[in-house]
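# Topology and contacts: notes
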Amino acid sequence: MHENETKLIDAATEARGRAYAPYSDFQVGAAVEAENGDIYIGCNVESASYGLTVCAERVAIWKGISCGEKRFTRIAVVVDTEELTPPCGVCRQIIWEFCGDVPVILSNLEGKTETIQMSELLPRAFDSKFLK
Ligand code: THU
């Protein structure tokens, strides 16, 4: 595995440790790499109303955007599941819009990893090009 992929997985693992998931007890960590190499991390943050819960992937992307980033070059998602957990449908849309066809690195705490391209996770995606 490439060194910067390991760095991204480590950052996502650290973020997972901060997950606020008292309702699902399902902790997720994510990390996105900006074009200049900076890393932004996120964890899932749940709400007692359930529906207001925000996934780790979107927290990481919103953090980067709010710090002035425009695009991201890769994302890592870490969950403690034997079968590697991919981003949910809502997050796939947001990853596509802010990252494009980037590698999505899935990992668990045992060090199992798999990299999938976004275009494979969200084929024929809707995005801003249709609005023009
Ligand atoms: N979750 C994420 O953070 N990312 C995903 O892509 C899948 C789901 C969170 C949301 C919720 O807090 C918990 O996992 C269970 O769905």
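Bear in mind that the values here come from a model prediction, so they are computed numbers and not experimental data. (Residues numbered from 1 in each chain as written. Predicted model: local features only at pLDDT ≥ 70, side-chain atom pairs only at ≥ 80, totals over all residues. Heavy atoms only, no water.)

## Thoughts on the packing of aromatic side chains
This model, assessed by the stated rule, comprises 4 aromatic pairs. Aromatic pair Tyr40 and Phe72: ring centres 6.5 Å apart, planes at 80°, arrangement edge-to-face. Of the two residues, Tyr40 sits in strand E2 (residues 39-43) while Phe72 sits in strand E3 (residues 72-79), which places them 32 residues apart along the sequence. Assigned by exposure class, Tyr40 and Phe72 land together as buried. On the basis of an interplanar angle of 15° and a centroid distance of 5.9 Å, the ring pair of Phe126 and Phe130 is categorised as stacked. (Phe/Tyr/Trp six-rings, centres within 6.5 Å; stacked < 30°, edge-to-face > 60°. Helix = DSSP H or I, 4+ residues; strand = E, 2+ residues; numbered from the N terminus. Buried < 20%, exposed > 50% of the residue type's maximum accessible area, 1.4 Å probe, protein only.)

## Structural notes on the site of the ligand
In the neighbourhood of the ligand, the contacting residues comprise Ser24, Phe26, Val28, Asn44, Glu46, Thr53, Cys55, Ala56, Glu57, Pro86, Pro87 and Cys88. Glu57 places a polar side-chain atom, nitrogen or oxygen, 2.7 Å from an oxygen atom of the ligand. Expressed as a share of its isolated accessible area of 370 Å², the protein-covered part of the ligand is 79%. The class makeup of the residues in the shell around the ligand is 7 nonpolar, 3 polar and 2 charged. (Near = heavy atom within 4 Å. Polar contact = N/O pair within 3.5 Å; in protein donor to acceptor, adjacent residues only side chain to side chain. Areas by Shrake-Rupley, 256 points an atom, 1.4 Å probe, with all protein chains shown as cover. Nonpolar A, V, L, I, M, F, W, Y, C, P; charged D, E, K, R; others polar.)

## With respect to a nonpolar patch on the surface
On the surface, a nonpolar cluster with roughly 430 Å² of combined accessible area is contributed by Tyr20, Tyr23, Val45 and Tyr50. Secondary-structure assignment places Tyr50 in the loop between E2 and helix H2 (56-66). For Tyr50, a relative accessible area of 57% translates into the label exposed. (Patch = residues over 30% accessible without salt bridge, like charges linked within 9 Å, V, L, I, M, F, W, Y side chains within 5 Å. Salt bridge = Lys/Arg side-chain N within 4 Å of Asp/Glu carboxyl O.)

## Things to note about helix H1 (residues 3-16)
Helix length check: H1, at 14 residues, gives a terminal C-alpha distance of 20 Å against a target of 20 Å (1.5 Å per residue), a fit within 8%. Against the buried residues of H1 lie strand E1 (28-34), E2, E3, strand E4 (103-107) and strand E5 (113-117). (Expected span 1.5 Å × (residues − 1). Contact = heavy atoms within 4.5 Å.)

## Structural notes on H2
Taken together, the buried positions of H2 are occupied by Ala56, Glu57, Arg58, Val59, Ala60, Ile61 and Gly64. Here the buried face of H2 lies against E1, E2, E3 and helix H3 (89-99). Trailing H2 by a residue or two, Gly68 shows a phi angle of about 105°, which is positive.

## Remarks on the pattern of salt bridges
Per the counting criterion, the structure on display carries 3 salt bridges. Its salt-bridge partner being Arg74, residue Glu5 comes within 3.7 Å of it at the nearest N-O pair. Taken together, the positions of Glu5 in helix H1 and Arg74 in strand E3 put the pair 69 residues apart, joining distant regions of the chain. Take Glu5: its relative accessible area is 15%, and that puts it in the buried class. A relative accessible area of 16% places Arg74 in the buried class.

## Quick word on the packing of H2 against H3
Between H2 and H3, whose axes approach to 9 Å, the crossing angle comes to 25°. In terms of orientation, H2 and H3 fall into the roughly parallel class. In this structure, the crossing between H2 and H3 has a hand that is left-handed. Two secondary-structure elements touch here, H2 through Glu57, Arg58, Ile61, Trp62 and Ile65 and H3 through Val90, Cys91, Ile94, Ile95, Phe98 and Cys99. (Axes fitted to C-alpha atoms, helices over the stretch in contact; angles between N-to-C directions. Parallel < 35°, antiparallel > 145°, perpendicular 65-115°, else oblique. Left-handed = near helix turned anticlockwise from the far one by under 90°.)

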